[in-house]
Amino acid sequence: MAFDLLTQLGGDEPMAAVFSQERAVADWLRVEAELGRALAVAGVIDAATGERIAQACRADVIDLPRLWTESANVGYPIFPLVRMICAALEDGDAAFVHYGATTQDIMDCALALQVRDAATRLLELTGVVGDGLAGLVEQHAGTVMAGRTHAQQAVPTTFGAKMAVFLGEMTRHRARLTRARDAVSVVSLFGAGGTSAALGDAADAVRTDLAARLGLADTAAPWHVARDRIGELTQAAALAAATGVRLGREVVDLSRTEVGEIAEADGMYRGASSTMPQKANPISSELAVGFGVMAEANAQAVLRALEAGHERAAGEWQVEWQAVPATLTAAAGALRAAAAIAHGLRVFPERMEANLRLDGGRLMAEAYMIALAATLGRDKAHELVYGAVRDSRSEGSSLRDAVRAKVGDVTWSTIADTLPEPSSYVGSARKICDAALTEWRA
């Protein structure tokens, strides 16, 4: 396998283990073993045969180099895997290994086990990110800063309110991932064409028992080509990763030297440059962006796998083999990086306050317009303040002085005391913080 620098630097080991070679082979063996026991419970074979089959489904009976060599020739790994299991049994028992199943049944059951655990890991990481964000929301609900639209100062807000929006996203990601995990944890045992013909009247009993043994939900309909549940999980993972990207970009923007309102965690040589000693690069944010973009890209590939036709795919399924693990491992990397951001973020309120005054107080233009609207009407107040903004920029004066010159002393005397400071023009910022915290902690 090619060396993956991104994963080496910021990958999530628990997620990597879920999609390791060892885990894949172990899950295929587990499904074959429990199928043997389920066949016995349903009366298709006797209990002793079922148990001998189950006992033969061990890692030590599998020659991995041979498995992959033969798999490359067959196109799938289960045929050679089954042959090796059979070789460890007497002929009478070997005759019922993999009985009534098809390759995709075994691999899809194993996939269900893997993606269930992958979703659980994503939920754990989502929880860590959310808890970190919740701390920022609570601590900085009243920390006033410039809100920005189109990358320009707009109106005052608070850093807590900004983080509350991210926290709301994580709350929704947690709900989506939970739903997707439950939906995707489904057994597959429908045979060659999805009709379970090989198992006859015993099909339902065998499948139901197999589902119970694997801890998966039962289903009465095949999903060999119905991959929407897999797509739902990978899309949910990509959405969560996308929030990691957004958080990373926010940190990159607000930690610019010219802005300097926040910074990632400090540490000796953390984010250091090999040639510029002053640098402390936002490395967690960069990882969040890198992993998140890859999660989004691979999730799109999974959607193409939903195009499979007839009763079994012809190439679309193979897309999943790479795209599903790639999506979920990249999403884990993005969330892991986002967690490092949220828990290590340094916030500089004094710089935020200084930046509020960078533009001559012009971010208070809306507030001035609303104050004047009570006597002039909103449209006329807008035009007056717009003109004052232009004057203040051309003259290098404050917006307050420019508005005073526009309205005259009489009108000014009636509104001067009603013009708020940035700290008192943050609207529902604290309510937004409280609501986000309540939803997250619920």
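Under an unreviewed UniProt entry, the protein has the name Adenylosuccinate lyase C-terminal domain-containing protein and belongs to Paractinoplanes bogorensis. Regarding the protein, the UniProt comment filed under Sequence similarities (unreviewed entry) reads as follows: "Belongs to the class-II fumarase/aspartase family."

Draft legend 1. View of the pairing of strand β2 (residues 152-158). Pairing geometry for strand β1 (residues 144-149) and β2, over five bridges, is antiparallel. Across the sheet, the residue bridging to T149 is Q152, located in β2. Between β1 and the antiparallel strand that follows it, β2, lie two residues; H150 among them carries a positive phi value of about 55 degrees.

Draft legend 2. Geometry of the pattern of salt bridges. Counted according to the given criterion, the structure contains 28 salt bridges. The shortest N-O distance in the salt bridge between R52 and D93 comes to 2.5 Å. Residue R52 is found in helix α4 (residues 47-56), and its partner D93 is found in helix α7 (residues 91-94); the two are separated by 41 residues along the sequence. For D93, a relative accessible area of 7% gives the class buried. Between K162 and E250 there is a salt bridge, with its nearest N and O atoms 2.6 Å apart. With a gap of 88 residues between them, K162 in helix α9 (residues 159-184) and E250 in helix α11 (residues 228-254) connect regions that are remote in the sequence.

Draft legend 3. Examining the nonpolar core more closely. In this structure, L122, L133, F159 and L328 are the most contacted members of the largest nonpolar core, which totals 65 residues. Ranked by residue count, the leading element in this core is helix α13 (residues 316-344), at 13 residues. Setting aside its immediate chain neighbours within four residues, L133 contacts M163, F166, L167, M170, L247 and A342. If you look at the next biggest cluster of nonpolar residues, it comprises 46 residues, including V31, A38, A40 and C57.

Definitions and limits used
- Residues numbered from 1 in each chain as written.
- Predicted model: local features only at pLDDT ≥ 70, side-chain atom pairs only at ≥ 80, totals over all residues.
- Heavy atoms only, no water.
- UniProt positions renumbered as here; feature names shortened; annotations may be inferred.
- Pairing = 2+ DSSP bridges.
- Helix = DSSP H or I, 4+ residues; strand = E, 2+ residues; numbered from the N terminus.
- Salt bridge = Lys/Arg side-chain N within 4 Å of Asp/Glu carboxyl O.
- Buried < 20%, exposed > 50% of the residue type's maximum accessible area, 1.4 Å probe, protein only.
- Core = buried A, V, L, I, M, F, W, Y, C linked by side-chain atoms within 4.5 Å.
- Contact = heavy atoms within 4.5 Å.

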